[in-house]
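# Survey of secondary and tertiary structure
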Amino acid sequence: MAKPALLPLSGRVAFVTGAGQGLGAAIARGLSEAGARVALADIELANAEAVAAEIGGLALQLDVRDEAAFSGCFDRAVAHFGAVDIMVNNAARTPTTSLWDITPGEWDDVLAINLRGSFFGCRIAGRHMRERGEGRIVNLSSMAGQQASSATGVHYAASKAGLLALTRSFAQELAPHGVTVNALAPAAIGSPALEAMEPARRQALQAGIPLGRFGLAEEVAAAVVYLASPAAAFITGATLDLNGGRFMR
Ligand SMILES: NC(=O)c1ccc[n+]([C@@H]2O[C@H](COP(=O)([O-])OP(=O)(O)OC[C@H]3O[C@@H](n4cnc5c(N)ncnc54)[C@H](O)[C@@H]3O)[C@@H](O)[C@H]2O)c1
C-alpha cells in the first residue's frame, strides 16, 4: 500500500549496509517509518531477510569488501526500485583488540570493511546520484574517530576518523551535483552488549554521559532520517555528534 505523502521520505528509496542487526536494522526501520522503501544489504543474508520481512523491504547479500559485488548489489536495488535516493554506509566490524595484539590481518580486515567498504559505497551511490542530480549519503562514523577511546580498537578508531575525511571529500566532489554527504558520530548508544554488562560498570559508563543516559538506536535512526529529509538540504560535509554530551566541540 502506498505511504501517505506527508511522510518526509515518501517516494524515496534507501540502501542501508549492515542492515541485518543493531543500528543498521533500526535505521532501516526508521527510514521505512518515514516513508522510504528500503534495500537492506548485509553479509548475513538471513538477518537482512528478517528485518526486510518486517518492513516490506528488499534483502540483499553483500560483502562491502568486494567492490564488484557491491556494485552488482546496488544495481539490483536500482533495478528493483527504479533508483536509490539515500545511501547509508553503516556496515562495520568493531573489535576491541588491544593495539599491542592487533595482527596485520585484523588491521586490514577492519579497514577493508569500515573504511574501504564505505568508500565503495560512497563511490557507487555517488555515481548513480551524480547522474540523477540529487541524492543523500550518510556515513556511520563514531566518537572513536574524534577522540581517544580505550573501548574500541585503534584500527576501528582509525577507520572511523578516515571516514570523516572521506565524507568531506565526497561532499565537496558531489555538492555541484545536488548530492549531500554527511557523517554521524554516535557514542554511548544502548545495545544488547551494554545490557549484558555488569551493572556497576554500566552505571560508571552512564555517569560519564552529561545527559545521564544511554542513547537509543531509534535516536540514531531519527538523525539519519533527518539528514535524508528535505529539511537537511543545506547540510553537507558535516559530522553530526550523537553522544549525550560525551564529546563537545
Ligand atoms: N552501536 C554503537 O554504539 C555505535 C557507536 C558508534 C558508531 N557505531 C557505528 O554504527 C554502525 C553500526 O553499529 P552496530 O553497533 O549496529 O554494529 P553491529 O556489529 O551490531 O552490526 C554491524 C552489521 O554489519 C554487518 N557487516 C559486517 N561486516 C560486513 C561486511 N563485510 N559486509 C556487509 N555487512 C557487514 C554485520 O553482519 C551486522 O549486521 C557501525 O558503523 C558502527 O561503527 C555504533
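Quick caveat: nothing in here was measured; it's all calculated off a predicted structure. (Residues numbered from 1 in each chain as written. Predicted model: local features only at pLDDT ≥ 70, side-chain atom pairs only at ≥ 80, totals over all residues. Heavy atoms only, no water.)

### Concerning the overall build of the protein
Using the following cut-off: By the criteria applied, helices consist of DSSP H or I runs no shorter than four residues and strands consist of E runs no shorter than two, each listed in order from the N terminus. Atoms counted for the radius of gyration: C-alpha only. Globule rule: 2.2 Å times residue count to the power 0.38. Classification of residues uses two cut-offs on accessible area relative to the type maximum, computed with a 1.4 Å probe and protein chains only: under 20% is buried, over 50% is exposed, and between them is partly exposed. For this analysis, residues touch if any pair of their heavy atoms sits within 4.5 Å. Note on areas: these come from Shrake-Rupley sampling with a 1.4 Å probe, and a residue is covered only by the protein chains present in the view.
Summing up its helical and strand segments, the protein has 8 helices and 7 strands in all. Computed over C-alpha atoms, the radius of gyration of the protein comes to 17 Å, within 12% of the 18 Å expected from 2.2 N^0.38 for 249 residues, which places it in the range of a compact globule. Dimensions of the protein, computed from C-alpha atoms along their principal axes, come out at roughly 50 × 40 × 35 Å. Counting only residues that meet the buried cut, the protein has 49% of its 249 residues in that class. In the protein, of all internal contacts separated by at least 6 residues, the share reaching a separation of at least 24 is 68%. By element, 55% of the accessible surface of the protein is carried by carbon and sulfur atoms, the whole surface being about 11,800 Å².

### Remarks on the site of the ligand
Our working definition: Neighbouring residues are identified by heavy atoms, a residue being near a molecule or strand if any of them is within 4 Å of it. Two N or O atoms count as a polar contact when they lie within 3.5 Å, although within protein this holds only if one can serve as hydrogen donor and the other as acceptor, and sequence-adjacent residues are included solely when both atoms are side-chain atoms. Think of it as three bins: nonpolar holds Ala, Val, Leu, Ile, Met, Phe, Trp, Tyr, Cys and Pro, charged holds Asp, Glu, Lys and Arg, and polar takes everything else, Gly as well.
Neighbouring residues of the ligand: 22 residues in total, closest Q21, L23, D42, N90 and Y156. The side chain of Q21 places a nitrogen or oxygen atom 2.7 Å from an oxygen atom of the ligand. The separation between a nitrogen atom of the ligand and a polar main-chain atom of L62 is 3.3 Å. Relative to its unbound accessible surface of 830 Å², the ligand loses 84% to contact with the protein. For the shell around the ligand, the secondary-structure elements that each account for two or more residues are α1 (22–33) and α5 (154–174). Partitioning the shell around the ligand into residue classes produces 11 nonpolar, 6 polar and 5 charged.

### Some details on helix α4 (residues 104–132)
Spacing of three or four residues puts side chains on the same side of an α-helix, whose turn is 3.6 residues. As a reminder, the rule being used: Here, expected helix span is obtained from the residue count minus one, scaled by 1.5 Å. Bend at a given residue is defined as the angle between two axes, one fitted to the seven residues that end at that position and one fitted to the seven that begin there.
With 29 residues, α4 should reach 42 Å at 1.5 Å per residue; the first-to-last C-alpha distance of 40 Å fits that figure. Of all the bends in α4, the largest measures some 40° and sits at A112.

### Regarding the packing of helix α3 (residues 67–81) against α4
Condition: Between the N-to-C directions of two axes lies an angle of 0 to 180 degrees, each axis being a line fitted to C-alpha atoms and, for a helix, fitted only over the stretch in contact. Here the word oblique covers every angle except those under 35 degrees (roughly parallel), over 145 (roughly antiparallel) and from 65 to 115 (roughly perpendicular). Left-handed is the label given to a crossing in which the near helix is rotated counterclockwise from the far helix by less than a right angle, and right-handed is the label when the rotation is clockwise.
In contact at an axis separation of 10 Å, α3 and α4 are set at 40° when each is read in the N-to-C sense. Relative to α4, the element α3 is oriented oblique. Viewed along their axes, α3 and α4 form a crossing whose handedness is right-handed. Here E67, F70, S71, F74 and V78 of α3 come into contact with α4, specifically with G117, F120, G121, R123, I124, A125 and H128. Of the residues that constitute the contact of α3 with α4, the class distribution is 6 nonpolar, 4 polar and 2 charged.

In short, geometric facts, not functional conclusions.
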